[in-house]
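Summary of the model geometry
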Amino acid sequence: MQSLVYILPEIFLFIVATVLLVTGLFLKNVKLINSLAIFSLLVAVILILNQPFQSAFLNSFVVDEFSLVLKVIILIGSIASLIMFVSSKDDLNINIYEFPILIIFSTIGMMVMVSANDLLAMFIGLELQSLSLYVLAALNRNSLLSSEAGIKYFILGALSSGLLLFGISYIYGFSGNTNFNLIAVNINPESLGLIIGIVFVLAGLAFKVSAVPFHMWTPDVYQGAPTPITGFFALAPKIAAMGLLVRFLFNSFGEIYIDWQQIIFFISIASMMLAAFAAIAQTNLKRLMAYSSIGHIGYALIGVACFTDEGLRSLLIYLMIYLIMNIAVFAFLLSLKRNDGYFENISDLSGMHKNHPLRTMLIALIMFSLAGIPPLAGFFGKFYIFVAAIESEMLFLAIIGVVASVISAFYYLRIVKIMYFDEPKEEFDGSSIKSLNLLYYPSSILIIIFFIYPSPVINISEYAIQSII
Amino acid sequence: MSEIPILSILIFIPVVGIFFMLLIRNNDDQSSQNLKHTALWIAFLNFIISLSLLFSFDLNNPDFQFVEKYAWIESGISYHLGIDGVSILFVILTTMLVPICILASYESIKFSVKEYLISFLALETFMIGVFCSLDLVLFYLFFEGGLIPMFLIIGIWGGERRVYSTFKFFLYTLAGSVFMLLAIIYIFISTGTTDVETLLMYNFTTNEQLILWIAFFTSFMVKIPMWPFHTWLPDAHVEAPTAGSVILAGVLLKMAGYGFIRFSIGIFPDASEFFAPFIFSLSVIAIIVTSLIALVQEDMKKLIAYSSVAHMGFVTLGIFTFTVQGIEGGIIQMISHGIVSAALFLCVGVVYDRLHTREIARYGGLVSKMPFYSFSFMIFILASLGLPGTSGFVGEFLVLLSIFSINTYFAIFATTGVVLAATYSLWLYRRIIFGALIKDDLSEMFDLTRREIIIFLPLIILTIFIGLYPKPIINIIEPSTEKIVNQIKMKLD
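Another aspect to go through is the overall build of chain A. When you go through chain A residue by residue, the secondary structure sums to 19 helices and 4 strands. For chain A, the C-alpha radius of gyration of 21 Å lies close to 23 Å, the compact-globule estimate for 469 residues. Principal axes of the C-alpha set define a box for chain A whose edges measure 65 × 55 × 40 Å. Residue burial in chain A is summarised as follows: out of 469 residues, 61% are buried. Considering only intrachain contacts with a sequence separation of at least 6, the fraction spanning at least 24 residues in chain A is 80%.

Counting residues in each nonpolar core, the largest one holds 386 residues, and the members touching the most others are A:L319 and B:L182. Among the elements that take part in this core, helix α14 (residues 309-334) of chain A stands out by supplying 20 residues, more than any other. Two domains each provide a minimum of three residues to this core, namely domain 1 (1-253) and domain 2 (256-469) of chain A. Residues in contact with B:L182, not counting those within four places in the same chain, are A:F386, A:I390, A:A398, A:I399, A:V402 and B:A215.

Moving on to the domain arrangement of chain A. As a measure of interface size, the accessible area lost when the parts come together is often cited. Residue and element names in this part refer to chain A. Split by domain assignment, chain A resolves into domain 1 (1-253) and domain 2 (256-469). The centre of domain 1, based on its C-alpha atoms, is set 22 Å off from the matching centre of domain 2. For the side of domain 1 that touches domain 2, the elements supplying multiple residues, two or more each, are α4 (65-88), α9 (192-209), α10 (217-224) and α11 (227-253). If one sorts the elements of the side of domain 1 that touches domain 2 by residue count, α11 sits on top with 15 residues. Counted by class, the side of domain 1 that touches domain 2 contains 32 nonpolar, 10 polar and 5 charged residues.

This part covers the packing of helix α15 (residues 357-371) of chain A against helix α18 (residues 434-449) of chain A. Residues and elements named next belong to chain A. Look at α15 against α18: their axes get within 10 Å of each other, and the N-to-C directions meet at 50 degrees. It follows from the interaxial angle that α15 and α18 lie oblique. Crossing hand, α15 versus α18: left-handed. Mapping the contact onto sequence places L362, L365, I366 and S369 in α15 and S444, I447 and I448 in α18. In terms of residue class, the contact of α15 with α18 is built from 5 nonpolar, 2 polar and no charged.

All names here are of chain B. Compared with an ideal rise of 1.5 Å per residue, which puts 26 residues at 38 Å, helix α11 (residues 242-267) spans 36 Å between its outermost C-alpha atoms and is within 8% of the ideal. If you look at α11, its biggest bend is around 40 degrees, right at L248. In terms of residue burial, α11 counts as a mostly covered element, since 26 of its 26 residues are buried.

The next point concerns the interface of chain A and chain B. Taken together, the 25 residues of chain A in the interface contact 29 residues of chain B. Among the secondary structure elements, those contributing two or more residues to the side of chain A that touches chain B are α15, α16 (377-391) and α17 (395-421) of chain A. For the side of chain A that touches chain B, the element with the most residues is α17(A), which contributes 11 residues. Its residues placed into classes, the side of chain A that touches chain B shows 21 nonpolar, 2 polar and 2 charged.

Take the pairing of strand β2 (residues 77-83) of chain B next. All names here are of chain B. For β2, the buried fraction is high: 6 of the 7 residues fall into the buried class. Of the pairings in the sheet, the one linking strand β1 (residues 65-74) to β2 comprises 6 bridges and is antiparallel in character. The residue bridging K69 from the neighbouring strand is H80, located in β2. Count of turn residues in the β1/β2 antiparallel hairpin: 2 residues, of which G76 carries a positive phi of about 100 degrees.

Residues and elements named next belong to chain A. Position of S60 relative to the elements: it lies in the loop between β1 (54-56) and β2 (61-63). With 21 C-beta atoms counted inside 10 Å, the residue S60 sits in the buried group. For S60 and L120, which are 60 residues apart along the polypeptide, the C-alpha to C-alpha distance reads 8.3 Å. If we ignore the near neighbours within four places in the chain, the residues touching S60 are N117, D118, L120, A121 and N179.

Attention shifts here to the confidence of the model for chain B. For chain B, per-residue confidence averages 90 on the pLDDT scale, and 100% of positions sit at 70 or higher. Interface scoring of the predicted complex returns ipTM 0.92; its pTM is 0.93.

Residues and elements named next belong to chain A. The first and last C-alpha atoms of helix α7 (residues 144-175) sit 46 Å apart over 32 residues, in line with the 46 Å expected at 1.5 Å per residue. Buried residues of α7: S146, A149, G150, Y153, G157, S160, L163, L164, G167, Y170, I171 and S175, and no others. Where α7 is buried, its residues touch α6 (119-137), α8 (180-185), α9 and α10. G176 sits one or two positions beyond α7 and adopts a positive phi of about 75 degrees.

Reading the values: rules and limits
- Residues numbered from 1 in each chain as written.
- Chains lettered and ligands numbered in written order.
- Predicted model: local features only at pLDDT ≥ 70, side-chain atom pairs only at ≥ 80, totals over all residues.
- Helix = DSSP H or I, 4+ residues; strand = E, 2+ residues; numbered from the N terminus.
- Rg over C-alpha atoms; globule rule 2.2 N^0.38 Å.
- Buried ≥ 20, exposed ≤ 12 C-beta atoms within 10 Å, placed from the backbone.
- Contact = placed C-beta atoms within 7 Å.
- Core = buried A, V, L, I, M, F, W, Y, C linked by C-beta atoms within 7 Å.
- Domains from an automatic or database assignment.
- Nonpolar A, V, L, I, M, F, W, Y, C, P; charged D, E, K, R; others polar.
- Axes fitted to C-alpha atoms, helices over the stretch in contact; angles between N-to-C directions.
- Parallel < 35°, antiparallel > 145°, perpendicular 65-115°, else oblique.
- Left-handed = near helix turned anticlockwise from the far one by under 90°.
- Expected span 1.5 Å × (residues − 1).
- Bend = angle between axes of the 7 residues up to and from the residue.
- Pairing = 2+ DSSP bridges.
- pLDDT = per-residue confidence, 0-100.

Written as structure tokens, this is what we have:
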């Protein structure tokens, strides 16, 4: 019974989701349900902040600084996508009350993921999260693209879960434990089976964070899913999977880091380079953002590959900045609307600075930030990553990182170019984006003024990592 | 330490100005005029404040003055500002050129005026920041940050091939600079600080120095620019609006020269000594090759752009002699080039505004229609080729003097550059100004307006003043330069 107290936020959200599900059946007011969902997520944030640090269920579920910070980040991401949903539900044909509920279920899954300290808890969290996401991707039943995205995501996701489970069984077989800490104690560095297990689990997790070579689903799902859901994909699940990856590798296999480090090393380089080149050819903004997020995950993985405090700290800083930038980008994408139609092609942005000077200026700055140009926030994310890489003498990773960032600057600049240098098209709607402004302006201002006072983000990251190392 | 954080004020006045500008409407001619006036006054205010630096600057103190230091990112990386004799003139050059640029854009910028002025003010912030920062991360922040407004200035208000040029400019410079970023991080990790004052005292091993020096060099080489990485410059200059070219030639190129003096030779003296012959060779090649290229240009801006590369060759020659004369010469050459080439681009802008072409062959015989213009143009052309009595002479002379004392061969080759400079400059002048006025469309040309005279007057005065009486300038530069040279000597021994 005692253990139940430690998963209070999760239980709370679960009850809320169930109640909302029943309420929604009778009360067809999507907006109200959405607002209640946002409210309960906020309550969950408060509950998380007031939780004692403990481990529950025989140490298979831990509540510590790391999980606290990541949970709050994830909840912010979920809240942001609910706000995006409410601003666009009517026009996107997704006026369905299940949306906020599925988001909550998925969020619970992610909260379990970042707290999981056991292979089984990890798998449960991962599946709860993924199943909700499969449904979400296919939410727009009338759209062929959306259904395709859902099916594709489901099939590939199921495959990756299979790989993951296979890896888990190997690890259990060769170490005799499922608990991360116990695996670490009983580890046999010589065991080949364990390595195979790690490889399969990493393949499964790499799929979830969409790192190359397990990234193929990303562009299609990003493009097919309705934009608020794409935003959700980009924001929360990757951060959760990253947290899980860190805990899995650091807690249980810290001793044999040499073995997994090279895998992370490789997928990090592959993600950065592939994303940098592949994004150049994109014409659809959501596909472009898919490749952009693959690239960003590549950078974040450098932080994991370092296997140092510094690396972990830089990873968290990077994820936070990544979250803020993506909130801004997707809020911007949703504001590209004219006569109830949404625009996703890069060429639709053409010359928009004539009609929307302020909005364009901010999004241009966000593009520069994504490209990592100082003095914007994105630069600091990369800066810390490179500091970590060079400190752990991974100069090669750092060099590939900067080269990839120069290449990727090209496609971010291309967006700026189209917005500023090309001939203007018709105006976009300005009125329907009131609730988006709530996301758009604060996040872009945070990105711009980040350099003045970066210490909060750094302190939070330092606070978070103390429970891992 | 002075009580008022004057450098921070200088850096952030344009930012405050940007907020003001954002509040001003921009929907008709009247309001865009208001915007221009506001921006001009903000920039001018900044200029006046920067002049107060000159008055409270202690000439006998070779150390950094007006120092400000606050904790910033974490221990070791702080918000550290300060200027000495090397940097003060660049700060003033910047604050002087920005109002001139804004004034020069009064007529030529027709659309998106607000964004244009905001870009310029943002650029001013970054440029002043570069010359004031005494922390490598802060320096990098300002150094790279300037790319954003410049990218927009060339890309939005530029000429026909503006997209190509601005991408080339941005990616070239970014690619050069990221290695400097890695070097800065390496320095941070191995010494625990990026504070320039501390690093100037720090001794890196020779191997470290060689690698770090190369990393810094890639960045500065692209920015200054040195042959063979200069190709972005003519493109950027040609396509940029007049004011963009002015600020590019006037200040942005100097950031790299300043970087060479402050960081390359200051922090990595062994490596600098090792690479000096290499730099000399590149500089001499740059001087001769780009001068020859300048000779065959059809486009006025391109010609001046290539001449900039040649002039910057003198700067690097001077800096890497490690003599007081050479470094002083380099600095004065940079200041002078900042004034003169800026003025030359303005001269091109004047005729471009009237005829909308930069092709040299389209002009000829302007002297009969535009006497004042011809006069100002002549002064700047003569200063550009280094005629005694103009500012161009002082710098070139000092540089050549110092290089003669190091290596005669390089000096001889460099001197041929002076001859070539005279050739292409005077030929340009002859083709545009002299001859008979036979082309029909030129009969519509009119002389300088009052606004243009206001722009040119301070530049003419400065050019001649520095040329005739360089003593005050040298007085400012000398103590700090001597200190730098002594430090290098001490470290090398």
